[in-house]
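Here are the chains, one letter per residue:
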Amino acid sequence: MLFNKIYQLPENKALLVSEDLVYTTKDIKECRENNLDLLSSLNEKVVALQFKDNIDLAKWLILLDGIASSILILPFDIQKATLELFLEQAQCGFVLCESTINEQVSKGRQLREVKTNWLISTSGTTSKPKLVSHNLMSLTNTIKVGSPNFVWASLYDLNRFSGIQVFLQALCSGNKLVIKNGTTSLTQTIMLFQREKVTCVSGTPTYFRKLLMVKGFSSLPLKSISLGGEIAEQKLLSSLKSTFVGAKIRHIYASSEAGVGFSVNDGLAGFPLSYLEFNEDLPHLKIGPEGTLLIKSESSASNYVNGANLIDENGFVDTGDLVEVKDGRCMFLGRASGIINVGGNKVVPEIIEEFLQSIQGVNAAKVYGKNNSFVGEVVCADIVLSTSLDTKTIRDYCKKGLAVHEQPVFIKIVDELDTTSSGKIKR
Amino acid sequence: MNIENEVKEIFMDVLESTDKTLQCKLTNDAVLLDTGLDSLGFAILVARLDEELGYDPFTLMEEAVYPTTFEEFVDIYKTYKPE
């Protein structure tokens, strides 16, 4: 159980830190002692967790792993219909939150240790959110224990798969985890990271592009930077590399469906072709007939909770991510489901986004389709600038570098791109 | 700017952005298909006009009307201009 992983750590070791709270090993142990009755009444039951502050969720994850038969991890802002669906799918009758902590108390029962299922909601950026079942073993089997002096910070919400990965990475290495609340602004986030001397940051490329524009980010003593959840393009990787000289920069490929994927550490976008050959350190990868990446992994979630089968007859999961072999590397193109159809020509939004982001002065771009009465859809782009640039100049670049059907018909300069709670561009 | 001039301006802009050149003078009786703009060009023109003028007459039509000349094209925009 997760609690055992922290049991041996020094009593005064700060494990979880937010703007206004610190939980040491001792605090967590005391919290367990103080809540034995509650834990006992939740023993071997399915418990949903819904907390506004990530740090509370983190605490209860530590306390309930090995106690509850399943933990259903709910986003705080979940829609009512989705909540009801998830509770039904997980056969869960109790939601632990601020207001219910004092309910469900029975006394005097001996705690029985169980193997807890972690039910995590997929981000639902491209489809309806689904529940995927994991356990502590499947979530931690690729974690490499790092230096004890590392201080981790996650830009992800803890109720998401990627957020849980960072949480477990820190905890299993006995490191401090700095947790921001959902409402924390970018500037406050950087101040918190500076105060706690964060050395390892994990987040989406979209989030890092924003951070690079915030004063103070570049002075953090970062030793390790992990990007995940979206395609990490070369310009961003190079920019992080030159800002944080000597830091280890890796981009992680993982999806809730496939469990842990793999990471790329050579500072280059995409991944080496050798990953497509059999390698015992990596999940088995291949390119499917539709050009999407198929992945076979020990840690693949065994199935969707609602019973939909994830795995083909050979044990592969279709990730739905389009890939292409180019100049000796396998490059990510984008989501197969996100393709824009311009009069029969297929346009992958992420490819156009990468092109736009390669233009000097463009910080971030979101590309999407807009219905059109003549050709079905046309390409549109929302762009965040880092320096002053007009749309005419951007159009000129597009004319030189993109096919006519790929060029954004509408270019809108915006202050920022909407992101989901998992830090990805909202699509 | 009146609708006709606005259409003309964006028409030329789209022509340029799609690497085409005007094949005939853009007079009222100019045949659209002979102007040099291809079908994607028209789609872009309609999309850009939608952004500039705030409406797309081709989605507002109950029955599809396909303009032949430049004048007919502009007339459609005049007819469907929101009150």
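Since the model is a prediction, treat every value here as computed from it, not as a measurement.

Colleague: Would you mind showing me how to read the overall build of chain A here?
Modeller: Scanning chain A from terminus to terminus reveals 12 helices and 23 strands. Over its C-alpha atoms chain A spans a radius of gyration of 22 Å, differing by no more than 12% from the 22 Å that the globule rule assigns to 427 residues. Looking at chain A as a whole, 56% of its 427 residues qualify as buried. Counting contacts in chain A only where the partners sit at least 6 residues apart, residues at least 24 apart contribute 64% of the total. Here chain A has roughly 19,000 Å² of accessible surface; of this, 48% comes from carbon and sulfur atoms. Of the charged side chains in chain A, 45 are positive and 45 negative, and the gap between their average positions amounts to 3 Å.

Colleague: Looking at this structure, how should I read the pairing of strand β8 (residues 151-154) of chain A?
Modeller: The side chains of a regular strand alternate between the sheet's two faces. Residues and elements named next belong to chain A. Side chains of β8 alternate between two faces, with Val151 and Ala153 and Trp152 and Ser154 buried alike. In terms of strand pairing, β8 meets strand β9 (residues 176-179) through 4 bridges, oriented parallel. Each bridged residue has a counterpart across the sheet, and for Val151 the counterpart in β9 is Lys176. At this point the chain moves from β8, through helix α7 (residues 161-172), to the parallel β9, and the crossover so formed is right-handed. Note that β8 and strand β10 (residues 200-203) share 3 bridges and pair parallel. What sits directly across from Trp152, in β10, is Cys200.

Colleague: Honestly, the domain arrangement of chain A in this entry has me stumped. Any pointers?
Modeller: How big an interface is tends to be expressed through the accessible area that disappears when the partners come together. Residues and elements named next belong to chain A. Considered domain by domain, chain A is made up of domain 1 (2-326) and domain 2 (339-413). The C-alpha centroid of domain 2 is placed 32 Å from the C-alpha centroid of domain 1. With 7 residues of domain 1 at the contact, the number on the domain 2 side is 13 residues. In total, about 710 Å² of surface goes out of reach between domain 1 and domain 2, with carbon and sulfur atoms giving 61% of it. It is Arg209, Met213 and Lys235 that lose the most area in domain 1 upon contact with domain 2, and together they represent 59% of the buried surface on that side. Taken together, the links from domain 1 to domain 2 amount to 0 salt bridges. There are 5 residue pairs in polar contact (both at pLDDT 80 or more) connecting domain 1 and domain 2. In terms of residue class, the side of domain 1 that touches domain 2 is made up of 3 nonpolar, 1 polar and 3 charged.

Colleague: Is there a simple way to explain the sheet that holds strand β5 (residues 94-96) of chain A in this structure?
Modeller: Remark on secondary structure: sheet strands pair via backbone hydrogen bonds, oriented parallel or antiparallel. Residues and elements named next belong to chain A. If you walk across this open sheet you meet the 5 strands as β5-β3-β4-β6-β7, and the pairing is mixed. A strand with exactly one partner marks an edge of an open sheet, and here the two such strands are β5 and β7 (131-135). Taking each pair of neighbouring strands and ignoring which way they run, the sheet shows an average axis angle of 30°. As paired elements, strand β4 (residues 70-73) and strand β6 (residues 117-121) share 4 bridges and run parallel to each other. When the sheet's bridge partners are listed, Ile71 is paired in β6 with Trp118. Sheet strands touched by α7: β4, β6 and β7. Its angle to β6, the strand with the most contacts, is close to 135°.

Colleague: Looking at this structure, how should I read the sheet that holds strand β14 (residues 271-272) of chain A?
Modeller: All names here are of chain A. Strand order in the open sheet formed by 5 strands is β14-β18-β17-β16-β15, with antiparallel pairing between adjacent strands. The sheet terminates laterally at β14 and β15 (284-287), the two strands that pair on one side only. As judged from the 2 bridges shared by β14 and strand β18 (residues 329-335), these two strands associate in the antiparallel manner. Among the inter-strand pairings, Phe271 is bridged to a residue of β18, identified as Cys330.

What counts and what doesn't
- Residues numbered from 1 in each chain as written.
- Chains lettered and ligands numbered in written order.
- Predicted model: local features only at pLDDT ≥ 70, side-chain atom pairs only at ≥ 80, totals over all residues.
- Heavy atoms only, no water.
- Helix = DSSP H or I, 4+ residues; strand = E, 2+ residues; numbered from the N terminus.
- Rg over C-alpha atoms; globule rule 2.2 N^0.38 Å.
- Buried < 20%, exposed > 50% of the residue type's maximum accessible area, 1.4 Å probe, protein only.
- Contact = heavy atoms within 4.5 Å.
- Areas by Shrake-Rupley, 256 points an atom, 1.4 Å probe, with all protein chains shown as cover.
- Lys, Arg positive; Asp, Glu negative; His and termini not counted.
- Charge placed at Lys NZ, Arg CZ, Asp CG, Glu CD.
- Pairing = 2+ DSSP bridges.
- Right-handed = clockwise from strand over helix to strand, strands pointing away.
- Domains from an automatic or database assignment.
- Buried area = accessible area lost by both parts, 1.4 Å probe.
- Salt bridge = Lys/Arg side-chain N within 4 Å of Asp/Glu carboxyl O.
- Polar contact = N/O pair within 3.5 Å; in protein donor to acceptor, adjacent residues only side chain to side chain.
- Nonpolar A, V, L, I, M, F, W, Y, C, P; charged D, E, K, R; others polar.
- Axes fitted to C-alpha atoms, helices over the stretch in contact; angles between N-to-C directions.

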